[in-house]
Amino acid sequence: ISSIDIGQAACGYDNGSITLYTEQDPSKYIFDWAEYPDSTGNRITQLPGGVYEVDIISTETGCSLNKKVTISEKDAPPVIIEASILDTLCPGQEIILTASGASNYTWVDPLEVDGPSITVNPMVETTYIVKGYSIGAGGGECRTFQEITIPVYPYDPPQLGSDRAICEGTPL
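Some points on the overall build of the chain
- Within the chain, the secondary structure is distributed over 0 helices and 15 strands.
- By the compact-globule yardstick of 16 Å for 172 residues, the chain is too spread out, its C-alpha radius of gyration being 22 Å.
- Considered along the principal axes of its C-alpha atoms, the chain spans approximately 80 × 45 × 25 Å.
- Here the chain, with 172 residues, has 32% of them falling under the buried criterion.
- Split by element, the accessible area of the chain, about 10600 Å² in all, is 48% carbon and sulfur.
- Looking at charge distribution, the chain has the averaged site of its 8 positive side-chain charges lying 5 Å from that of its 24 negative ones.

What to know about the side chain of Arg-143
- Mapped onto the fold, Arg-143 is located in strand β15 (residues 141-150).
- In this structure Arg-143 comes out as buried when scored by relative accessible area, which is 18%.
- Dropping the residues within four chain positions of it, Arg-143 is found in contact with Pro-48, Gly-49, Ser-72, Glu-73, Ala-76, Lys-131, Gly-132 and Tyr-133.

Considerations on unusual backbone geometry
- The peptide bond linking Asp-109 to Pro-110 adopts the cis configuration, its omega dihedral lying at 5°.
- Looking at the secondary structure, you find Pro-110 in the loop between β11 (104-109) and β12 (113-114).
- Although it is not a glycine, Asp-75 sits at a positive phi angle of roughly 65°.
- Relative to the assigned elements, Asp-75 resides in the loop between β8 (73-74) and β9 (80-83).

Some points on the environment of Thr-22
- Inspection of the secondary structure puts Thr-22 in the loop between β3 (16-21) and β4 (29-33).
- Spatially, the C-alpha atom of Thr-22 lies 8.8 Å from that of Asn-42, the residues being 20 residues apart in sequence.
- What Thr-22 contacts, discounting residues up to four positions off in sequence, is Ser-2, Tyr-29 and Phe-31.
- For Thr-22, the side chain forms a polar contact with the main-chain oxygen of Gln-24, separated by 2.5 Å.

Structural notes on the packing of aromatic side chains
- Tallied over the full model, the rule gives 2 aromatic pairs.
- Taking NZ or CZ as reference, Lys-131 lies 4.9 Å from the ring centre of Tyr-133, over its face.

As for the sheet that holds strand β13 (residues 117-120)
- Across the sheet, 3 strands lie side by side as β9-β10-β13; this open sheet has antiparallel pairing. Each edge of the sheet is formed by a strand with only one pairing partner; in this case those strands are β9 and β13. Adjacent strand axes in the sheet meet at a mean angle of 20°, parallel and antiparallel pairs treated alike.

Observations concerning the sheet that holds strand β14 (residues 126-135)
- Spatially, β12-β11-β14-β15 is the arrangement adopted by the 4 strands of the open sheet, whose pairing is antiparallel. The strands lining the two open edges of the sheet, one partner per strand, are β12 and β15.
- Pairing analysis gives 2 bridges linking β11 to β12, with the strands arranged antiparallel. Each residue of the ladder has a partner; that of Trp-107, found in β12, is Val-113.

Details of the environment of Thr-98
- By secondary structure assignment, the location of Thr-98 is in strand β10 (residues 95-100).
- Along the primary structure Thr-98 and Thr-119 are separated by 21 residues, whereas in three dimensions their C-alpha atoms are 8.9 Å apart.
- Residues contacting Thr-98, with those up to four places away along its chain left out, are Ile-80, Ile-81, Glu-82, Trp-107, Pro-116 and Ser-117.
- A polar contact is formed between the side chain of Thr-98 and the side chain of Ser-117, at a distance of 3.0 Å.

Criteria and thresholds
Residue positions are given per chain, counted from 1 along the sequence in the order it is written. With pLDDT at 70 or above as the cut-off, local features in this predicted model cover only qualifying residues; side-chain atom pairs require 80 or more to be listed or tallied, and sums for whole chains, interfaces and linings still use all residues. As a rule here, side-chain values come from all non-hydrogen atoms in the structure, and water together with hydrogens is ignored. In this text, helices come from DSSP runs of H or I with a minimum length of four residues, and strands from runs of E with a minimum of two, each type numbered from the N-terminal end. Just to be clear, the radius of gyration here is over C-alpha atoms, and the globule rule we use is 2.2 Å times residues to the power 0.38. Each residue gets one of three labels from its accessible area relative to the maximum for its type: buried under 20%, exposed over 50%, partly exposed in between, using a 1.4 Å probe on protein chains only. Here the Shrake-Rupley method, with its probe set to 1.4 Å, supplies the accessible areas, and only the displayed protein chains count as covering residues. In this tally, Asp and Glu contribute negative charge and Lys and Arg positive charge; neither His nor the terminal groups of the chain are included. Here the site of a charge means NZ on Lys, CZ on Arg, CG on Asp, or CD on Glu. Any two residues whose heavy atoms approach within 4.5 Å are treated as being in contact. Within 3.5 Å is the distance limit for a polar contact, defined as a pair of N or O atoms, with the added protein rule that one can donate a hydrogen and the other accept it, and that residues adjacent in sequence qualify only through two side-chain atoms. Ring pairs are drawn from Phe, Tyr and Trp, using the six-membered ring of Trp, whenever the two centres fall within 6.5 Å, and their geometry is named by plane angle: stacked under 30 degrees, edge-to-face over 60, tilted for the rest. For a Lys NZ or an Arg CZ to count as sitting over a ring, it must be within 6 Å of the ring centre and within 35 degrees of the ring normal. Two strands make a pair as long as DSSP finds a minimum of two bridges between them. Only C-alpha atoms enter the line fits that serve as axes; for helices the fit covers just the stretch in contact. Angles between N-to-C directions range over 0 to 180 degrees.

As far as function goes, none of this settles anything; it's purely spatial.
Set out below in structure tokens:
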């Protein structure tokens, strides 16, 4: 993907859009939109705010790339995510992610959890997405999305060699 054009939706309306641009002619790819199986092109329209997943498959090689794209709604509250640790983590290390700026929060990817904070223990580099929203006068959500990628060192267990048998009385 060389670039992505996102048309924001108005709060409560299905008028957003996503256009994916590739370095080669887009006709050389199949765009498999998870939520829109009938769409195979590089552009989808009439979208509400949300997280949209697409597999981009080369018609020449069969190789694919998975991408998640978020559409926030115009005039939605801005959301900021803060991490309790700013450095690269060791695999499985605990980290707390806290969102602020909106009235309500739902962590939508890779897990579904309500509330401003989550505690996670990623084993590999992971991107977390939160939906921050307020409730409009008509009762509908006005939503925005924010993401944070948590870097994790590769898991590299120590190499201790093969097990050895020790006879009683033999020094180590």
